[in-house]
Amino acid sequence: MANEPANRACFDIQAGYCAAMDAPITARVCTALATAVDRESETGRRVLDWAGEPVADALALRLVGGLHALHRAGVDPMLSAVFSGAETDPVRICATLQATLVAHDAAVLPWLDGPPQTNEAARSAGMMTGILHLAARYGARFEVLEIGSSAGLNLLIDRYRFDLGGVMVGPAASPVTICPDWRGAPSPVAPVEIGSTRGVDIQPVDVADPVAAARLEAYVWVDAVERQARLASAIAMVRAGGVDLAKGDAADWVEARLAEPQPAGTTRVLMHSVVWQYLPPASRERIRVAMDAAGARATAERRLGWVMMEPNRDLHRHEVRVRGWPGEQAMELVALTHAHGAWVEGLSPPYETRDYVMRRGAYEKD
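Bear in mind the structure is a predicted one, so any value in this text is a computation, not a measurement.

Here's the deal with unusual backbone geometry
Line of reasoning, step 1. Between tryptophan 325 and proline 326 the backbone carries a cis peptide bond, its omega angle lying at 5 degrees.
Line of reasoning, step 2. Relative to the helices and strands, proline 326 resides in the loop between strand 10 (317–325) and strand 11 (332–337).
Line of reasoning, step 3. Geometrically, the link from proline 349 to proline 350 is a cis peptide bond, its omega value of 5 degrees lying close to zero.
Line of reasoning, step 4. Here proline 350 shows up in the loop between strand 12 (343–346) and strand 13 (352–353).

Here's the deal with helix 9 (residues 210–219)
Line of reasoning, step 1. Every buried residue belonging to helix 9 is among Ala212, Ala213, Leu216, Ala218 and Tyr219, and all of these are buried.
Line of reasoning, step 2. On its buried face, helix 9 sits against helix 4 (59–73) and helix 10 (225–241).
Line of reasoning, step 3. Measuring from the backbone nitrogen of valine 211 back to the side-chain oxygen at the start of helix 9 gives 3.0 Å, which picks out aspartate 209 as the cap.

Some thoughts on the sheet that holds strand 3 (residues 167–169)
Line of reasoning, step 1. Read from one edge of the open sheet, 3 strands run 3-2-4, paired in mixed fashion. On the outer flanks of this sheet lie strand 3 and strand 4 (177–178), each paired with one strand and no other.
Line of reasoning, step 2. The sheet strands contacting helix 8 (residues 124–138) are strand 2 (161–164), strand 3 and strand 4, and the helix crosses strand 2 at an angle near 75 degrees.

Describing the pairing of strand 6 (residues 193–201)
Line of reasoning, step 1. The pairing of strand 1 (residues 141–147) with strand 6 spans 7 bridges and is classified as parallel. Across the sheet, leucine 145 pairs through a bridge with arginine 198, a residue of strand 6.
Line of reasoning, step 2. Pairing of strand 6 with strand 7 (residues 244–247) involves 4 bridges; the strand directions are parallel. Its bridge partner lying in strand 7, glycine 199 is registered against leucine 245.

Considering the nonpolar core
Line of reasoning, step 1. Of all hydrophobic cores here, the largest spans 49 residues; its most connected members are Met128, Tyr160, Phe162 and Val192.
Line of reasoning, step 2. For this core, the element with the most residues is helix 8, which contributes 8 residues.
Line of reasoning, step 3. Not counting the four nearest positions on each side in its chain, phenylalanine 162 is found in contact with Ser124, Ala125, Met128, Ile157, Val167, Met168, Val169 and Ile178.
Line of reasoning, step 4. One finds Ala34, Val47, Leu67 and Val82 within the second-largest nonpolar core, a separate group that totals 39 residues.

Rules and cut-offs
- Residues numbered from 1 in each chain as written.
- Predicted model: local features only at pLDDT ≥ 70, side-chain atom pairs only at ≥ 80, totals over all residues.
- Heavy atoms only, no water.
- Helix = DSSP H or I, 4+ residues; strand = E, 2+ residues; numbered from the N terminus.
- Buried < 20%, exposed > 50% of the residue type's maximum accessible area, 1.4 Å probe, protein only.
- Contact = heavy atoms within 4.5 Å.
- Polar contact = N/O pair within 3.5 Å; in protein donor to acceptor, adjacent residues only side chain to side chain.
- Pairing = 2+ DSSP bridges.
- Axes fitted to C-alpha atoms, helices over the stretch in contact; angles between N-to-C directions.
- Core = buried A, V, L, I, M, F, W, Y, C linked by side-chain atoms within 4.5 Å.

Pasting the structure below:
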């Protein structure tokens with residue numbers, strides 16, 4: 001169980017991640033919050049008395065999201081000076097945040113109720129990289145299943161245009177082109193035809209609701225101007241064309257989808273990004289067992305794939321891993337990627353292999 005020093009320390013930890021990811025304004029806010037949070041507001045008391053694991057619970061990002069929402073609403077000029085980068089003095093930033101937490105206590109407090117649902121369309125670059133590896137092995141036709149879809153932005157993977165180091169995938173006329181800085185070995189070159197995408201989330205976000213959309217936008221760090229623009233475009237795509245996104249338990253949903261008939265000539269792919277860490281161990285094990293069972297049934301005409309873009313907290317990197325059936329090859333590490341998809345580094349064979357039952361207690365760095 002955490003205590004007040006540990007709860008304060010989570011803001012310094014998050015500040016380090018923000019600084020490493022070129023988000024200096026958000027880093028300053030997090031650094032100041034480690035000191036600024038006090039017991040003068042209900043929000044401050046709840047933060048300092050947080051009973052869970054503050055790092056795993058993304059406590060810092062919950063509070064930063066609420067403060068960013070206030071800035072975006074334009075209701076606190078002093079706070080906006082901090083979030084715009086105009087105010088850089090640590091003492092004045094700390095004083096401003098203390099005053100804001102008291103003045104806007106009722107507005108900020110609900111942001112502590114649940115973890116951030118980070119929606120970053122560029123993460124699909126890592127997943128498309130994994131799909132290309134499967135396409136090179138099994139052929140072009142896919143149906144995609146995603147767990148932890150949140151607002152469903154990665155379910156648009158069939159509608160985005162990708163430029164993966166010069167390997168072009170997806171409709172040329174797409175309003176969103178995802179073009180990460182490509183590093184390392186080149187991506188496989190193979191045609192990709194995604195016939196359907198379906199997803200599930202324990203608490204899906206309906207971006208047709210302006211309040212829900214504004215909440216997603218508040219979770220994107222104020223420094224990330226390009227991400228904000230991409231999020232707005234992706235939200236517009238969901239509103240215009242919709243996505244097949246269900247509310248439900250990930251393990252229940254995966255088991256049900258894998259039991260459905262599969263068209264001949266297709267590869268059914270389970271994909272997810274920065275999700276595995278949040279699932280209970282029992283759910284992760286159920287999904288693993290279901291995938292292994294479905295893999296054992298896979299044939300040359302009805303293939304199965306698993307593509308994940310998940311953080312390796314031990315090595316401080318995000319990894320793209322791929323498993324395919326039929327075949328005996330274990331899950332392979334085929335690429336590394338920036339947490340928000342800013343770059344992808346292709347790896348060369350022989351690929352590292354490891355079990356895909358990753359540990360709990362990880363942390364969403366946003």
